[in-house]
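One letter stands for each residue in the lines below.
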Amino acid sequence: MRAGARDTGGMTAPEVVMVGVDGSETGQHALAWAVEEAVSRRWRMLLVSAWSVPHIAGVDADLGQAVVDEGAVHGAAEQVVADAARQVAEHPQAPDVERRVQIGDAAGVLVAASAEAGLAVVGKRGRGGFAARLLGGVSIALPAHASCPTAVVPLPPREPEAPADGVPAGSVVVGVDGSPGSDHAAHVAADQARRWGVSLVLLCGIPVSAPVLAWMPVALDPAPMTEEARGALAACAGRISERHPGVDVRHVLVQDTPARALMAAARGARLVVVGARGHGGFAGMLLGSVSQAVLAHARCPVLVVPRWCTEAAAEPA
């Protein structure tokens, strides 16, 4: 194994927290979150900003260079990264930092940089400034294509929110559905809960009364679904306790869709962890409907464990 890397269930991940920066309020909040994470893990940081010349509809191509000053756009991106580096340096345990400013589409630049990281971090929305956008559409594209787990960090809610039933305030919540992907995501969540010293909640939602099931020609018996879900939760809790002793593991079964159950749990949670795809996903979908819904609506940071990470971890040694 190369220096500065760690083994993650058969995969080697660089000990680097990569964060996309754009100078926005959301981006700065995500950067602060990433700094704390890097300090907690004792990892290095990679600060990445992308820039490109915006396309201006209706402008003749011959006038493009006169309208847009590429040097100014690049300089703005350089300044954003320099400001971010200063923000990191203010931490009393500031990690080592590498800066990178690259021309290109923000999503593509960050996805490529994720191959050099063990964790990617972006804000939930960008400001649409010098690069048209950095942290807007990227907060969906990066988790779908990244080579490492991706944390999407929103601005904190203005008012404190009451935690959902069975979910201790400040806990790490992970969606569990019995799939290999959710099982590996649960181990990632357990590692996070251990480092933070908080409870881990294994959450399973079963939509036995959801309107989407109204088309079924026969009534569904919720008992077998409930028993299967309880069994999956108990089995997952046993594996977590065996591999992560000392972590306070709780499991909660909610009669609701998995997406709504996770969004409700996110009200008082410190972090929600999801696999990119669980049961029922189409093979071509990089992010399942649950992951997309939680990313769009959760009020706390969401950590997405990509499909290829979960598949590699599930392969026999």
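Preceding this section is the structure that the text describes.
Residues numbered from 1 in each chain as written. Predicted model: local features only at pLDDT ≥ 70, side-chain atom pairs only at ≥ 80, totals over all residues. Heavy atoms only, no water.

### Comments concerning the overall build of the protein chain
Stated formally: The helix count covers DSSP runs of H or I at least four residues long, the strand count covers runs of E at least two residues long, and both are numbered beginning at the N terminus. Between buried and exposed lies partly exposed: a residue is buried under 20% and exposed over 50% of the maximum accessible area for its type, with that area taken using a 1.4 Å probe on protein chains only. Only heavy atoms enter the contact rule, under which two residues are in contact if any of them lie within 4.5 Å. In this description, accessible areas are obtained by the Shrake-Rupley approach with a 1.4 Å probe, and a residue is regarded as covered only by the protein chains that are shown.
Within the protein chain one finds ten helices and twelve strands. Across the 317 residues that make up the protein chain, the buried fraction comes to 47%. Across the protein chain, the fraction of contacts at a sequence separation of at least 24, relative to all contacts at a separation of at least 6, is 78%. Summed over its atoms, the accessible surface of the protein chain is roughly 15000 Å², and 53% of this surface lies on carbon and sulfur atoms.

### Considerations on the environment of Ala-113
Along the chain, the position of Ala-113 falls in helix α4 (residues 106-113). When its relative accessible area of 1% is taken as the criterion, Ala-113 is described as buried. Considering only alpha carbons, one finds Ala-113 and Val-19, 94 residues apart in sequence, at a separation of 9.5 Å. If near-sequence neighbours (up to four positions away) are discounted, Ala-113 is found in contact with Met-18, Leu-46, Val-48 and Arg-100.

### Brief notes about the sheet that holds strand β4 (residues 44-51)
To keep it simple, the criterion reads: Strands are treated as partners if at least two bridges between them are detected by DSSP. In this analysis, axes come from line fits to C-alpha atoms, helices being fitted only over the stretch in contact, and the angle between any two N-to-C directions falls in the range 0 to 180 degrees.
Sheet architecture is open: ten strands sit in the order β5-β4-β3-β6-β7-β12-β11-β8-β9-β10, paired in mixed fashion. Both outer strands of the open sheet, β5 (97-103) and β10 (249-254), are each paired with one neighbouring strand and no more. On average, each strand axis in the sheet is inclined to that of its neighbour by 20°, with strand direction left out of account. Looking at chain direction, strand β9 (residues 200-205) and β10 are connected through six bridges and run parallel. Bridge pairing in β10 links Leu-200 to Val-249. Where helix α6 (residues 180-196) meets the sheet, its contacts fall on β8 (172-175), β9, β11 (271-275) and β12 (302-305), and the angle it forms with β8 comes to roughly 175°.

### Quick notes on the environment of Ala-193
On the secondary structure map, Ala-193 appears in helix α6. On the accessibility criterion, Ala-193 (1% relative accessible area) is buried. Measuring from C-alpha to C-alpha, the distance between Ala-193 and Leu-271 comes to 9.1 Å, with 78 residues separating the pair along the chain. Residues within four places of Ala-193 in sequence aside, it is in contact with Val-172, Val-198, Ser-199, Leu-200 and Val-247.

### Things to note about the side chain of Arg-100
Mapped onto the secondary structure, Arg-100 falls in strand β5. Excluding anything up to four places from it in sequence, Arg-100 contacts Leu-46, Leu-47, Val-48, Ser-49, Val-81, Ala-113 and Glu-116.

### Digging into the pattern of salt bridges
Two side chains bearing opposite charge may form a pair once their charged atoms approach each other closely. The condition is simple: When a carboxyl oxygen of Asp or Glu lies within 4 Å of a side-chain nitrogen of Lys or Arg, that pair is called a salt bridge.
Taken as a whole and judged by the stated rule, the model has eleven salt bridges. Note that Asp-191 is salt-bridged to Arg-194, the shortest N-O span being 2.7 Å. On the criterion of helical spacing, the pair formed by Asp-191 and Arg-194 is a turn pair, its members being three residues apart in helix α6. Across the pair Asp-248 and Arg-250 runs a salt bridge whose closest N-O atoms are separated by 3.0 Å. In this structure Asp-248 comes out as partly exposed when scored by relative accessible area, which is 34%. A relative accessible area of 38% means that Arg-250 is categorised as partly exposed. When salt bridges that share partners are traced, they join Glu-37, Arg-41, Asp-191, Arg-194 and Arg-195 into one network.

### A few points about the packing of aromatic side chains
Aromatic rings considered in pairs are described by the distance between their centres and by the relative angle of their planes. Here is the rule we go by: Any Phe, Tyr or Trp ring, taking Trp's six-membered ring, that has another such ring centre within 6.5 Å forms a pair; planes under 30 degrees apart are called stacked, those over 60 apart edge-to-face, and the others tilted. Criterion for a charge above a ring: Arg CZ or Lys NZ at most 6 Å from the ring centre, at most 35 degrees from the ring normal.
Taken as a whole and judged by the stated rule, the model has one aromatic pair. Seen from their ring centres, Trp-33 and Trp-196 are 6.4 Å apart, and the 90° between their planes marks the pair as edge-to-face. With Trp-33 in helix α1 (residues 25-41) and Trp-196 in helix α6, this residue pair connects regions lying 163 residues apart in the sequence. A cation over a ring is seen here: Arg-41 above Trp-43, with NZ or CZ 4.7 Å from the ring centre.

### What about the packing of α4 against helix α5 (residues 138-145)?
The condition is simple: We call a crossing left-handed when the near helix sits turned anticlockwise from the far one by less than a right angle, and right-handed when that turn is clockwise. Throughout, the ten residues Ala, Val, Leu, Ile, Met, Phe, Trp, Tyr, Cys and Pro are labelled nonpolar, Asp, Glu, Lys and Arg are labelled charged, and all others, Gly among them, are labelled polar.
Contact geometry for α4 and α5: axes closest at 9 Å, N-to-C directions at 35°. In the crossing of α4 with α5, the sense of the turn from one axis to the other is right-handed. Contact with α4, carried on its side by Ala-106, Ala-107, Leu-110 and Val-111, involves Val-138, Ala-141, Leu-142 and His-145 of α5 and no other residues of that element. Residues of the contact of α4 with α5, tallied by class, amount to seven nonpolar, one polar and no charged.

### Looking at α6
To be explicit about the condition: Every helix has an expected span of 1.5 Å times one less than the residues it contains.
Given a rise of 1.5 Å per residue, 17 residues ought to cover 24 Å, and the 25 Å separating the end C-alpha atoms of α6 matches this to within 8%. Of all 17 residues making up α6, twelve are buried, and the element is well covered by its neighbours. Residues of α6 that are buried: Gly-181, Ser-182, Asp-183, His-184, Ala-185, Ala-186, His-187, Ala-189, Ala-190, Gln-192, Ala-193 and Trp-196. Just downstream of α6, Gly-197 is the residue with a positive phi angle, here 70°.

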